[in-house]
Amino acid sequence: MNPTSTLRLRTLTAGLAVAWAVLAVVLSLAGLVSPESRMQAPFNDSRLGGFAIIEWLHPSAEGSGLEIGDRLLEVDGRPYAKLHVRDGIADDAVESVTYLVEKRDGERVSATVAPVPVEETRTPVSRAFHVLLLCVAAIYMVTSGVVWWLKPGREGSWALVLFSSSVAVQLATTLHADSILWADARLAINIPFMGAAVFHLVTTYPLEPPWVERHHRLHTLPYAAAAGLAALALLSAPLGVPANLSWALSFLFTVVLYTASIAILGVERKRHGAGPMK
């Protein structure tokens, strides 16, 4: 690929990544400041690695069998991680909902609880933390934008924009995901791409490892795998793949790439000694 085509590709993909992050921040902010007048599960959960973990319980759910730290598996027999709360729980006519959760010791428990008004699930602390996460997401985006402006089209600048955008999406969508439009679908897409982006960044800046210099297209392999995993997560139902399996594969893929990236940094630092990386 000639330099002009390379620059166009990097500019296009960087622009798409920034737009992806901006969309996440806007939708997250909308869910925070303009909650709908509707019913919701009597708890707040955070989506980490595709898993929904209870982080706060409404007083009405105390003693029901649900506890903070429980992993939510199903709601009325449907996979929780793939279900947006608007699809039924928000119905005012629903009097009770049954959740299947997994305790920290691996025990699975069913609990039936009544939905509560969404306004009662937004505590001052959770709102403040939500705002903090949005501020951190904005810092990532601004920082990568400044670097791109100073060094437009450079490999390192490009990698930083892709990585920062994926992190911003994760930060903006993790908390109060049940009130954010398309949260599950966007997380399913974002998680594996975040892993690919960190691998790209670490093997680009501050120096490319020799094996990357010799095989420069290696950067595309994690992105191709991430695209496949994102498609699997989104199409798990029609394909007959368990939703939890597709989310687990995406999370494992990202963890492996993060771990590999840390190892690469350590190896390169040791190899260069007191050189440029130090």
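The structure under discussion appears in the preceding block.
Residues numbered from 1 in each chain as written. Predicted model: local features only at pLDDT ≥ 70, side-chain atom pairs only at ≥ 80, totals over all residues. Heavy atoms only, no water.

> Can you break down the overall build of the chain residue by residue, with the values?
Within the chain, the secondary structure is distributed over 8 helices and 8 strands. When each of the 278 residues of the chain is scored for burial, the buried share is 46%. Contacts in the chain between residues at least 24 apart in sequence constitute 69% of all its contacts with a sequence separation of at least 6. Element-wise, carbon and sulfur atoms account for 67% of the exposed surface of the chain, whose accessible area totals about 13700 Å². (Helix = DSSP H or I, 4+ residues; strand = E, 2+ residues; numbered from the N terminus. Buried < 20%, exposed > 50% of the residue type's maximum accessible area, 1.4 Å probe, protein only. Contact = heavy atoms within 4.5 Å. Areas by Shrake-Rupley, 256 points an atom, 1.4 Å probe, with all protein chains shown as cover.)

> Which residues make up the layout of surface pockets, and what are the values?
Volume-wise, the largest pocket comes out at about 700 Å³. Around the largest pocket, the lining comprises 23 residues; the ones closest to its centre are T13, W158, L162, H200 and Y223. Contributing elements (two or more residues each) for the lining of the largest pocket: helix 1 (3-33), helix 3 (155-174), helix 4 (183-202) and helix 6 (220-234). Among the elements that line the lining of the largest pocket, the one with the most residues is helix 1, at 7 residues. Grouping the amino acids of the lining of the largest pocket by side-chain chemistry returns 11 nonpolar, 9 polar and 3 charged. Here the second largest pocket is characterised by a volume of approximately 230 Å³. Lining of the second largest pocket is provided by V147, K151, R154, E155, G156, S157, L160, L201 and Y205. Here the lining of the second largest pocket gets 4 residues from one element, more than from any other, and that element is helix 3. Along the lines of polarity and charge, the residues of the lining of the second largest pocket split into 4 nonpolar, 2 polar and 3 charged. (1 Å grid on protein atoms, 1.4 Å probe; cavity = no way out; pocket = protein on both sides within 12 Å on 5 of 7 lines; lining within 4 Å. Points joined across faces, edges and corners; volume = space filled by probe spheres on them. Nonpolar A, V, L, I, M, F, W, Y, C, P; charged D, E, K, R; others polar.)

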